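# Fold and contact review
Spelled out from the first residue to the last, the chains are:
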Amino acid sequence: MKNNKKNHQIKSLLLLIFLTILLSGCSVFHSSEPVSKTDFALNTVITITVYEPSEAPLLDQCMELCRDYENLFSKSIPSSDIGRINAAAGQPVEVSDETAALLEKSIYYSELSNGLFDVTIAAVDALWDFSSEAAAKNAVTPPSDAAIAAALPHVDYHNIRISGNTVTLLDPDASIDLGGIAKGYIADRLKEYLLEQNVHSAIIDLGGNILTIGHKPDGSPYHVGIKRPFDQNGDLITSVSIADQSVVTSGTYERCFTYQEKLYHHILSPSTGYPADNDLNSVSIIAASSVDCDALSTICLLSGLDNGMKLIESLPDTEAVFITKDGQLHFTNKLSK
């Protein structure tokens, strides 16, 4: 069953890559044939494409880097930094520079969003089942109100203490899940690595977290498609043109199930323990840093259209595409079409 799920994810991603290339036009191939590698890591399908064939051996190293970061950040790996923090029952844990930096970044976005973004959501997230085969068949049930109420007091980013490379969870029953920010951070690190290797044109795709290096070889921008929410064929509703930027989308149609005619999705509110319930189905953030896009897409989906739009408009060099439940597109000022 796991292999079927993985194969389905690979097929879906290859379709997205095909549609993105189709949207971008045949000019991609005028200068250099791209070379890609696809693999399964970070609990998703990842594809990295470089437009310099001589740099193809770097793709294997990028995949290894993804696995190295997974072994630091995954809450599902007991020996990871996050696994050890969660198992420490409130005792201090020495972690890598990378883990400390990512936790600091997470706290920054918790402060910016007044707690809407909170990596200690793991205590509540553990109650929900969005990823199993049963969830895909709408054969699961939401957790009880009592279970959520019992878990909510352990969701509070203020309980994370960082001193150098030492991390302590002041609440021994709290736990951390970096799923809302880790892929963006890893994409940025992969870009740094490829730039150090003198790669000038590339696309990093970590399960839909897109980050580009430079322009395409002919000097034109990349075109990244944005999926129409809940479309069974994976059709695109629009696209954005980017160069040396990232696009990250959070949507209510990803990892979800229906129970008694109500949709439940994986973007959970730290204040209620339930999925966000507002006027939005999807938010795509465009900015230079993928880690920023990753966190902001979650924050905006939790915020709703008006508050999310205000936040993005207040940030420099950051744009967004919001898709409301009525199917309408809403663009920030510089993207207005």
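Residues numbered from 1 in each chain as written. Predicted model: local features only at pLDDT ≥ 70, side-chain atom pairs only at ≥ 80, totals over all residues. Heavy atoms only, no water.

## Examining the packing of helix α4 (residues 97-112) against helix α9 (residues 290-303)
Cut-off, in case you're wondering: Helix axes are fitted to C-alpha atoms over the stretch in contact, other axes to C-alpha atoms as well, and angles between N-to-C directions run from 0 to 180 degrees. Only DSSP runs of H or I covering at least 4 residues are called helices, and only runs of E covering at least 2 are called strands; the numbering of each starts at the N terminus. By definition, turning the near helix anticlockwise from the far helix through less than a right angle yields a left-handed crossing, and turning it clockwise yields a right-handed one. Contact definition: two residues touch when any of their heavy atoms are within 4.5 Å.
Where α4 meets α9, the closest approach of the two axes is 11 Å, and the angle between their N-to-C directions is 35 degrees. The way α4 lies across α9 gives a crossing that is right-handed. Side by side, α4 and α9 meet where L102, K105, Y109 and L112 of the first sit next to V291, D292, A295, L296 and I299 of the second.

## Describing the packing of aromatic side chains
The test is simple: Between the rings of Phe, Tyr and Trp (Trp by its six-membered ring), a pair exists once the centres lie within 6.5 Å; its type follows the angle of the planes, with under 30 degrees stacked, over 60 edge-to-face, and the other angles tilted. The cut-offs for exposure are 20% and 50% of the maximum accessible area for each residue type, with area from a 1.4 Å probe on protein chains only; residues under the lower value are buried, those over the upper are exposed, and the others partly exposed. A ring has a charge above it when a Lys NZ or an Arg CZ is no more than 6 Å from the ring centre and no more than 35 degrees off the ring normal.
For the coordinates displayed, the defined rule picks out twelve aromatic pairs. Taking 5.8 Å as the distance between ring centres and 80 degrees as the angle between the ring planes, the aromatic pair formed by F73 and Y185 counts as edge-to-face. Of this pair, F73 sits in helix α2 (residues 58-73) while Y185 sits in helix α8 (residues 182-196), and the two are 112 residues apart along the sequence. Accessibility assignment for this pair places F73 and Y185 in one class, buried. When the centroid spacing of 6.0 Å and the interplanar angle of 75 degrees are considered together, the rings of F230 and Y253 count as edge-to-face. Placement of the pair is F230 in the loop between β8 (222-227) and β9 (236-242) and Y253 in the loop between β10 (246-251) and β11 (256-259), with a sequence separation of 23 residues. Of the residues examined, Y253 reaches a relative accessible area of 14% and is grouped as buried. Three or more aromatic residues link up through ring pairs in this structure, and these residues are W128, F130, F257, Y264 and Y274. Against the face of Y185 rests R189, its NZ or CZ located 4.5 Å from the ring centre.

## Here we look at the confidence of the model for the protein chain
Any residue range with low pLDDT should be treated as having predicted coordinates unsuitable for detailed reading. Definition in use: The pLDDT score gives, residue by residue, the confidence of the prediction method on a 0 to 100 scale.
Per-residue pLDDT for the protein chain has a mean of 91; in total, 90% of the residues score no lower than 70. Under a pLDDT of 50 for its full length, residues 1-7 has, in the predicted model, five contacts with residues more than four places off or in other chains. A low-confidence stretch, residues 14-31 stays under pLDDT 50, and its non-local contacts, those more than four residues away or across chains, total 24 contacts.

## Focus on the sheet that holds strand β3 (residues 93-94)
In plain terms, the rule: Paired strands are those between which DSSP finds at least two bridges.
Spatially, three strands are ordered β3-β5-β4 in an open sheet, and the strand pairing comes out antiparallel. With one partner strand each, in any of the chains shown, β3 and β4 (160-163) form the two edges of the open sheet. One ladder, built from four bridges, connects β4 with strand β5 (residues 166-169); its direction is antiparallel. Looking at the pairing, I162 lines up with V167 of β5. Each of β4 and β5 is contacted by α4, which is oriented at about 130 degrees to β4, the strand it contacts most.

## Re α4
Here is the rule we go by: A helix is expected to reach a length of 1.5 Å times the quantity of its residues less one.
With 16 residues, α4 extends 23 Å between its outermost C-alpha atoms, agreeing within 8% with the 22 Å of an ideal straight helix rising 1.5 Å per residue. Along α4, the positions that sit buried rather than exposed are T99, A100, L102, L103, S106, I107, Y109 and S110. On its buried face, α4 is in contact with α2, α3 (81-87), β4, β5, α8 and α9. Taken from the residues just after α4, N114 is the one with a positive phi, measuring 55 degrees.

## Observations regarding the side chain of S113
Worth spelling out the cut-off: In protein, a polar contact means a hydrogen-donor-capable atom and an acceptor-capable atom, both N or O and within 3.5 Å, with residues adjacent in sequence counting only if both atoms are side-chain atoms; elsewhere, any N or O pair within 3.5 Å suffices.
Residue placement: S113 occurs in the loop between α4 and α5 (122-125). The buried category is assigned to S113, whose relative accessible area is 8%. Among the polar contacts listed, one links the side chain of S113 to the backbone nitrogen of F117, at a separation of 3.0 Å.

## As for the packing of α2 against α8
Where we set the bar: Charged means Asp, Glu, Lys or Arg here, nonpolar means Ala, Val, Leu, Ile, Met, Phe, Trp, Tyr, Cys or Pro, and polar covers whatever is left, Gly included.
Interaxial distance between α2 and α8 falls to 10 Å at its minimum, and their mutual angle equals 145 degrees. As α2 runs across α8, the sense of the crossing is right-handed. The residues of α8 that touch α2, namely those facing L58, Q61, C62, L65, C66, Y69 and F73, are A182, Y185, I186, R189, L190, Y193 and L194. Considered class by class, the residues forming the contact of α2 with α8 number twelve nonpolar, one polar and one charged.

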